[in-house]
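# Overview (structure and organization)
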2 protein chains.
Amino acid sequence: MVLLVQHSVSPVSRKIRVMMSEKKMLFVLKEEEPWNLSQECYKLNPAGELPIFIYDGNVLCGNQAICEFLEETSRDYKLLPSLSKERAEVRRLTEWFDYKFYHEVYRNIVCEKVHKRFAHGTTPDSKILNIGFNNLNFHMEYLDWLTEQNNYLAGDNFSLADISAAVNLSILDYLGDVPWNDYKNTKLWYSKIKSRPSFKDILKDSIRGILPARSYADLDF
Amino acid sequence: MVLLVQHSVSPVSRKIRVMMSEKKMLFVLKEEEPWNLSQECYKLNPAGELPIFIYDGNVLCGNQAICEFLEETSRDYKLLPSLSKERAEVRRLTEWFDYKFYHEVYRNIVCEKVHKRFAHGTTPDSKILNIGFNNLNFHMEYLDWLTEQNNYLAGDNFSLADISAAVNLSILDYLGDVPWNDYKNTKLWYSKIKSRPSFKDILKDSIRGILPARSYADLDF
């Protein structure tokens, strides 16, 4: 049994939860607020980041470290293709959403709207929000191009790249900030991801003090 | 034969070069300035990031994608341990230097001193530099603690984590910004890395318009 120390606004926490659900693993969650991490968390992860993955008394930290560990140690329900070249493409796209999307979109929108409010009690800076929304459109265009070519982001099969993109979007979707109707291919792709049993748990998430957008958990959004 | 599109101030470019040298691979380099990327680069990598790894007409982009591909496809000279749990620790530390160190130190020092000058012709902001130097001391303390426990960052063996930390430090060292004498264990560890044949090429690097610090290529610094 895995214990995952996590929070709903942490995209990597959501990614690891969806991965474990896809792999039919049993796990329990322990909530920690990223803007108010306990000393215990810093002891477990000196980087002061979520999630923290604990199994059999072992502690694993770091986005790639946990993902690659899950993929290496579970024989079934693979989320990376078998060919190295195809694995590289899935990893390229996963990295795109984990880091590029995170820094260009998530930080400018979610950190402004959520982290800032709970960490400092302040309101979002509209200039920073606008940078985030402009960047979001650039990423949505890329997603729309990818989902026009193939059923899933890296080809015909569902992979880690889809999880990474979907969990990042899901947090923005909770806040009602994704312009789905301008990006039909992406909307169709996201409706497929949303319908997967592994995503069910994510759609029940709630962020303390912030109600989800009306269509957040709606499969026919 | 691999063609690597790269630049000396890109830590990931340096990392891939050292990895390929450790693995005794043949490669040629093509220089591109990160602050002035060609249209050709954007076609090869829509993320607009270096390095770009080209072999047999295939194009691979993304830090983890290229590293994991190199590790998967070369049977000898492994840079990740064989046990999944130990691999997770190497990946955790690699990620630490690739992302945490990069955002907290590299961006505040190297981007201020180098990128800003060549991209915008402006001088560094001393407030941002100071944030970078403060953060650098925090990371040096962590490195000093790690290198006090073990010969290398993740244990007794040289790994990808050592390469990632060393290439990031090597760029700061070029600028003369690493306080080696305050961190004896880290200095000893870096002198071992610097002496490896795979690092020789890095020590010959030059950044246009900026002379290296006197001890940059000195093995007895």
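Remember, it's a predicted structure, so these values are computed and weren't measured experimentally.

A word on the packing of aromatic side chains. Counted under the stated rule, the structure contains 33 aromatic pairs over all chains. A centroid spacing of 6.1 Å and a plane angle of 65 degrees characterise the contact between Phe53(B) and Phe69(B), whose relative ring orientation is edge-to-face. With Phe53(B) in strand β3 (residues 52-55) and Phe69(B) in helix α3 (residues 63-73), this residue pair connects regions lying 16 residues apart in the sequence. Side by side, Phe53(B) and Phe69(B) carry an identical accessibility label, which is buried. Both rings, one in Tyr174(B) and one in Tyr216(B), keep their centres 5.0 Å apart while their planes meet at 75 degrees; by these two values the pair is edge-to-face. Highlighted residues: Tyr174(B) in helix α6 (residues 160-174) and Tyr216(B) in the segment after α7 (184-194), separated in sequence by 42 residues. In this pair, the class of Tyr174(B) matches that of Tyr216(B), namely buried. Among the aromatic residues, those joined into a ring-pair cluster are Trp180(A), Trp189(A), Tyr190(A), Phe199(A) and Phe221(A). The ring of Trp96(A) is capped by Lys100(A), whose NZ or CZ atom sits 5.6 Å from the centre of that ring.

Residues and elements named next belong to chain A. Orientation of helix α4 (residues 84-120) relative to helix α6 (residues 160-174), taken along the N-to-C sense of each, is 10 degrees, at an axis distance of 8 Å. Considering the angle they form, α4 stands roughly parallel to α6. In this structure, α4 uses Val90, Leu93, Thr94, Phe97, Asp98, Phe101, Val105, Tyr106, Ile109 and Val110 to contact α6, whose residues at the interface are Leu160, Ala161, Ser164, Ala165, Asn168, Leu169, Ile171 and Leu172. By residue class, the composition of the contact of α4 with α6 is 14 nonpolar, three polar and one charged.

Cut-offs and rules
Throughout this description, residue numbers start from 1 for each chain and increase along the sequence as written. Here every chain gets a letter starting at A, and every ligand a number starting at 1, in the order they are written. Totals for whole chains, interfaces and linings use all residues, but because this is a predicted model, local features are given only for residues with pLDDT of at least 70 and pairs of side-chain atoms are given and counted only at 80 or more. Excluding hydrogens and water, the side-chain values take into account all heavy atoms of the structure. A pair of aromatic rings is counted whenever rings of Phe, Tyr or Trp (Trp by its six-membered ring) have centres within 6.5 Å, and the orientation is called stacked for planes under 30 degrees apart, edge-to-face for over 60 and tilted otherwise. Note on conventions: DSSP H or I runs of at least 4 residues are helices, E runs of at least 2 residues are strands, and numbering of each starts at the N terminus. Partly exposed residues are those whose accessible area sits between 20% and 50% of the maximum for their type, while under 20% is buried and over 50% is exposed, using a 1.4 Å probe and protein chains only. Two thresholds decide whether a charge sits over a ring: the Lys NZ or Arg CZ must be within 6 Å of the ring centre and within 35 degrees of the ring normal. To get an axis, fit a line to the C-alpha atoms, keeping to the stretch in contact for a helix; angles then go from 0 to 180 degrees between the N-to-C directions. Here the word oblique covers every angle except those under 35 degrees (roughly parallel), over 145 (roughly antiparallel) and from 65 to 115 (roughly perpendicular). Note on definitions: a residue-residue contact is assigned when non-hydrogen atoms from the two residues lie within 4.5 Å. Asp, Glu, Lys and Arg are counted as charged, while Ala, Val, Leu, Ile, Met, Phe, Trp, Tyr, Cys and Pro are counted as nonpolar; the rest, among them Gly, fall into the polar class.

Bear in mind that shape data such as this cannot, by itself, settle questions of function.
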